[in-house]
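# Per-entry structural report
One letter stands for each residue in the lines below.
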Amino acid sequence: MLKSLAVLSLFLTTAATPVLAGEAADAVKDFYDNLGGEFAPGHRHRYTGPALDYLTAADAAWERDETNCVSFSFAVDGQDFDEVELASTLKLDEVISGDTATVTASFVNFGQPTQVEWTLKNSGNGWLVSDIASLANDWRVSQMSCE
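This write-up is about the structure you can find in this document. (Residues numbered from 1 in each chain as written. Predicted model: local features only at pLDDT ≥ 70, side-chain atom pairs only at ≥ 80, totals over all residues. Heavy atoms only, no water.)

### With respect to the pattern of salt bridges
- Evaluated as defined, the whole model comprises 6 salt bridges.
- Here Arg46 and Asp30 are joined by a salt bridge, their closest N and O atoms 3.0 Å apart. One end of the pair, Arg46, is in the loop between α2 (23-33) and α3 (49-65); the other, Asp30, is in helix α2, with 16 residues separating them in the sequence.
- Arg46 gets classed as buried once you look at its relative accessible area, which sits at 14%.
- With a shortest N-O distance of 3.3 Å, Asp131 and Arg140 are connected by a salt bridge.
- It is possible to trace a salt-bridge network through shared partners that takes in Glu117, Asp131 and Arg140. (Salt bridge = Lys/Arg side-chain N within 4 Å of Asp/Glu carboxyl O. Helix = DSSP H or I, 4+ residues; strand = E, 2+ residues; numbered from the N terminus. Buried < 20%, exposed > 50% of the residue type's maximum accessible area, 1.4 Å probe, protein only.)

### Re the sheet that holds strand β1 (residues 91-97)
- The strand order across the open sheet formed by 4 strands is β1-β2-β3-β4, and the pairing between neighbours is antiparallel. The open sheet has two free edges, formed respectively by β1 and β4 (127-134), since each of these has just one partner strand. Shown here is a sheet whose adjacent strand axes are inclined to one another by a mean of 20°, direction ignored.
- The pairing of strand β3 (residues 112-122) with β4 spans 7 bridges and is classified as antiparallel. Looking at β4, one finds that Leu120 is bridged to Val129.
- Across the sheet, α2 is in contact with β1, β2 (100-109), β3 and β4; its angle to β3 comes to roughly 125°. (Pairing = 2+ DSSP bridges. Axes fitted to C-alpha atoms, helices over the stretch in contact; angles between N-to-C directions. Contact = heavy atoms within 4.5 Å.)

### With respect to the packing of aromatic side chains
- Scanning all chains against the criterion turns up 9 aromatic pairs.
- When the ring of Tyr32 is compared with that of Phe107, the centres are 5.6 Å apart and the planes differ by 55°; the resulting orientation is tilted. In this pair, Tyr32 is assigned in helix α2 and Phe107 in strand β2, connecting sequence segments 75 residues apart.
- Owing to a relative accessible area of 3%, Phe107 belongs among the buried residues under this scheme.
- Ring plane angle 75° and centroid distance 5.2 Å describe the contact between Phe72 and Phe74, whose orientation is recorded as edge-to-face.
- Using a relative accessible area of 21% as the deciding quantity, one classes Phe72 as partly exposed.
- On the accessibility criterion, Phe74 (3% relative accessible area) is buried.
- Among the aromatic residues, ring-to-ring pairing joins Phe31, Tyr32, Tyr47, Phe107 and Trp118 into one connected group.
- Over the aromatic face of Phe31 sits the side chain of Arg46, whose NZ or CZ is 3.9 Å from the ring centroid. (Phe/Tyr/Trp six-rings, centres within 6.5 Å; stacked < 30°, edge-to-face > 60°. Lys NZ or Arg CZ within 6 Å of the ring centre and 35° of its normal.)

Written out as structure tokens, the structure is:
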């Protein structure tokens, strides 16, 4: 009887634990666990390629004349978010092809279903974000410019 309860307890604990696809999805999930901090200069080591280029240009524009090139959160595809709703509805789907991963973050924000696509590159030291795109609002960081 005690053994059956232990097995049942293990099953219930495992069933209640959210499952992520893998390391690339974990890298993206960290942005959702720390909403609002994705543009902090201390997080530049988490980016590469076009995403890093854009954020570096945005930093330079701000330093030059306080031009603000980042007017919304890429992670939530908007300026504001309901942290509780977003956290309770977040699902991450990961597809890996060689050293490239695509992680689609699907969630509800203020009742609005939202999808953000993250492209990551495996740097050998982990997955780095190289591009971010909205699947509904027709923007992609690699196609943005900041001057």
